[in-house]
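# Structural overview for review
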Amino acid sequence: GGMRDPTGTVWPADTQRFPGMENSPLGSSSSSTGGRGSYFAVSSASASSAAADCAEILGRSASSHGISLYRGWSFDSDTAITPKICITGSTSASLHQILPWLYYHKVIGVSHFILFVEGEAAKPAVTSVLESIRGVKIIYRTKELKEQQDRSRIWNETWLSGFFYKPCNYELFVKQSLNMEMAIVMAREAGMDWIIHLDTDELIHPAGAREYSLRRLLLDVPDNVDMVIFPNYESSVERDDIKDPFTEVSMFKKNYDHLPKDTYFGLYKEATRGNPNYFLTYGNGKSAARVQEHMRPNGAHRWHNYMKSPNEIKLEEAAILHYTYTKFSDLTSRRDRCGCKPTKEDVKRCFILEFDRLAFIIASTATEQEMRNW
């Protein structure tokens, strides 16, 4: 409030309305106040009543969530941002996890966020704060949204069919793809140049640019490139008492795409530490796609085009920092996310990755001390 936010143009008034977008506690358009009710407004004497509501929410949550440090942040007020970058994601995370993730990416040049929320992330105390931030659009998983996604052309195509009608991780992967399909439409209507699908336990690390800026990184990409691949680095477990991964975790295992091959193969056994694969979870990175006609998701990690094969490049320095299994609770919470039996056979039906399968069995059958040793 009282400052020009650099997050680019507001969401256009004629944006296509998807089911789930009309239930905002602060109204259908968080940008209609011109940012007066934004998260920055909590220290502004001239703030509107919307800002006062936001301050009240923050006043209640700041001590418990540790988010007061974001008050008074200011950004470059240039509204003519080029290129305009959008992040989309599906999350059930808490405000304590989403806010640092969101503001970090704002700082490095992301202007818009399309967040599909459920669980903890869909609670009014969370969404009312998120929707007060300029450039953030919240979509709730309503019955109407699900009905519209049930009519998606994706269900008639083969590229995702191996994941259909399966529980747990497979179901999540399909849901993410359907959400990405909607996000493409919204990004085009908002005039975005690039779109990235990212989870709230991942940070973009724009190494290799002339400045620490995702915008600068993508600005230097040749015009004929449709997709940019960011290899992922994976957080390494050093302690079992991590509370805030983004500030406490500092050691990452580099992706093999960024390693000399003799190093990768020569130290593979030591690097895997007895685990089934080099990385605990995924190893194929994430991607940024240039927003254009005929786009579609290609799973949660890639984008594709119905009319052509995208021209893609892989970055040699920039990466996705994946904070996976950083907290002890990341292990214990596994047993609450899925109704599968903790047997070697049944977990194959529920989890795509081998380490996730092992983690679910341990979390469901072991004592706390056994889990910590594991």
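Structure: see above.
Let me sum up the structure you'll find in this document. Since the model is a prediction, treat every value here as computed from it, not as a measurement. (Residues numbered from 1 in each chain as written. Predicted model: local features only at pLDDT ≥ 70, side-chain atom pairs only at ≥ 80, totals over all residues. Heavy atoms only, no water.)

### A closer look at the layout of surface pockets
Taken as a whole, the second largest pocket holds about 710 Å³ of empty space. In terms of lining residues, the second largest pocket is bounded by 28 residues, among which V237, N275, L280, F355 and W374 are the most central. Mapped by element, the contributors of at least two residues to the lining of the second largest pocket are strand 7 (232–235), helix 9 (268–272), helix 10 (328–332), helix 12 (354–365) and helix 13 (368–373). Here the lining of the second largest pocket is built from residues that sort into 13 nonpolar, seven polar and eight charged. Domain assignment of the residues forming the lining of the second largest pocket places at least three in each of domain 1 (85–326) and domain 2 (331–373). (1 Å grid on protein atoms, 1.4 Å probe; cavity = no way out; pocket = protein on both sides within 12 Å on 5 of 7 lines; lining within 4 Å. Points joined across faces, edges and corners; volume = space filled by probe spheres on them. Helix = DSSP H or I, 4+ residues; strand = E, 2+ residues; numbered from the N terminus. Nonpolar A, V, L, I, M, F, W, Y, C, P; charged D, E, K, R; others polar. Domains from an automatic or database assignment.)

### Details of the pattern of salt bridges
For the structure on display, the rule yields 18 salt bridges. We note a salt bridge from E120 to K123, for which the minimum N-O separation is 3.0 Å. Exposure remark for K123: the relative accessible area of 42% places this residue in the partly exposed category. Note that D257 and K314 form a salt bridge whose closest N and O atoms lie 3.0 Å from each other. Taken together, the residues span a long stretch of sequence, with D257 in the loop between strand 8 (252–253) and helix 8 (261–266) and K314 in strand 12 (residues 312–314) at a distance of 57 residues. Shared partners join several salt bridges into a network, and the residues in it are D199, E202 and K286. (Salt bridge = Lys/Arg side-chain N within 4 Å of Asp/Glu carboxyl O. Buried < 20%, exposed > 50% of the residue type's maximum accessible area, 1.4 Å probe, protein only.)

### Description of the sheet that holds strand 4 (residues 194–197)
If you trace the seven strands from one edge of the open sheet to the other, you get 3-2-1-4-9-6-12, paired in mixed fashion. Whereas interior strands pair on both sides, the edge strands pair on one side only; in this sheet they are strand 3 (136–140) and strand 12. Each strand axis lies, on average, 20° off the axis of its neighbour in the sheet, ignoring direction. In this fold helix 5 (residues 169–189) packs onto strand 1 (85–91), strand 2 (112–117), strand 3 and strand 4, with an angle of close to 145° to the strand it touches most, strand 2. (Pairing = 2+ DSSP bridges. Axes fitted to C-alpha atoms, helices over the stretch in contact; angles between N-to-C directions. Contact = heavy atoms within 4.5 Å.)

### Looking at the sheet that holds strand 5 (residues 202–205)
If you walk across this open sheet you meet the four strands as 5-13-7-8, and the pairing is mixed. Unpaired on one side and paired on the other, strand 5 and strand 8 mark the two borders of the sheet. When strand 5 meets strand 13 (residues 319–322), the two strands line up antiparallel, connected through four bridges. Each bridged residue has a counterpart across the sheet, and for E202 the counterpart in strand 13 is H322.

### Quick notes on the environment of K243
Looking at where K243 falls in the secondary structure, it is placed in the loop between strand 7 and helix 7 (245–248). Residues K243 and K327, spaced 84 residues apart in sequence, show a C-alpha to C-alpha distance of 6.5 Å.

### Comments concerning unusual backbone geometry
Geometrically, the link from T82 to P83 is a cis peptide bond, its omega value of -10° lying close to zero. Along the chain, P83 falls in the loop between helix 1 (49–65) and strand 1. Its identity as a non-glycine residue notwithstanding, H294 has a phi of 65°, on the positive side. You can see H294 is positioned in the loop between strand 9 (286–290) and strand 10 (295–297).

### Examining the side chain of T200
Within the fold, T200 resides in the loop between strand 4 and strand 5. T200 gets classed as buried once you look at its relative accessible area, which sits at 10%. At 3.5 Å, the side chain of T200 forms a polar contact with the side chain of T91. (Polar contact = N/O pair within 3.5 Å; in protein donor to acceptor, adjacent residues only side chain to side chain.)

### A short note on the state of the cysteines
According to the stated counting rule, one finds two disulfides in the structure shown. Two residues share a disulfide in this structure: C168 and C338, whose sulfurs sit 1.8 Å from each other. In this structure the cystine formed by C168 and C338 twists about its S-S bond by roughly 75°; its chirality is therefore right-handed. Here the residue C168 occupies a position in the loop between helix 4 (143–150) and helix 5, and C338 occupies one in the loop between helix 10 and helix 11 (344–350), the gap between them amounting to 170 residues. Like C338, C168 is buried. Note on cysteine connectivity: C340 is disulfide-linked to C350, with sulfurs 1.3 Å apart. Note on the C340 and C350 pair: the S-S dihedral is about -50°, so by sign convention the disulfide is left-handed. Taken as a pair, C340 in the loop between helix 10 and helix 11 and C350 in helix 11 lie far apart in primary sequence, 10 residues in all. By relative accessible area, which is 0% here, C350 ends up buried. (Disulfide = S-S within 2.5 Å.)

### Some words on the environment of R134
Mapped onto the secondary structure, R134 falls in the loop between helix 3 (124–130) and strand 3. Remark: the alpha-carbon pair of R134 and S111, spanning 23 residues in sequence, is separated by 8.7 Å.

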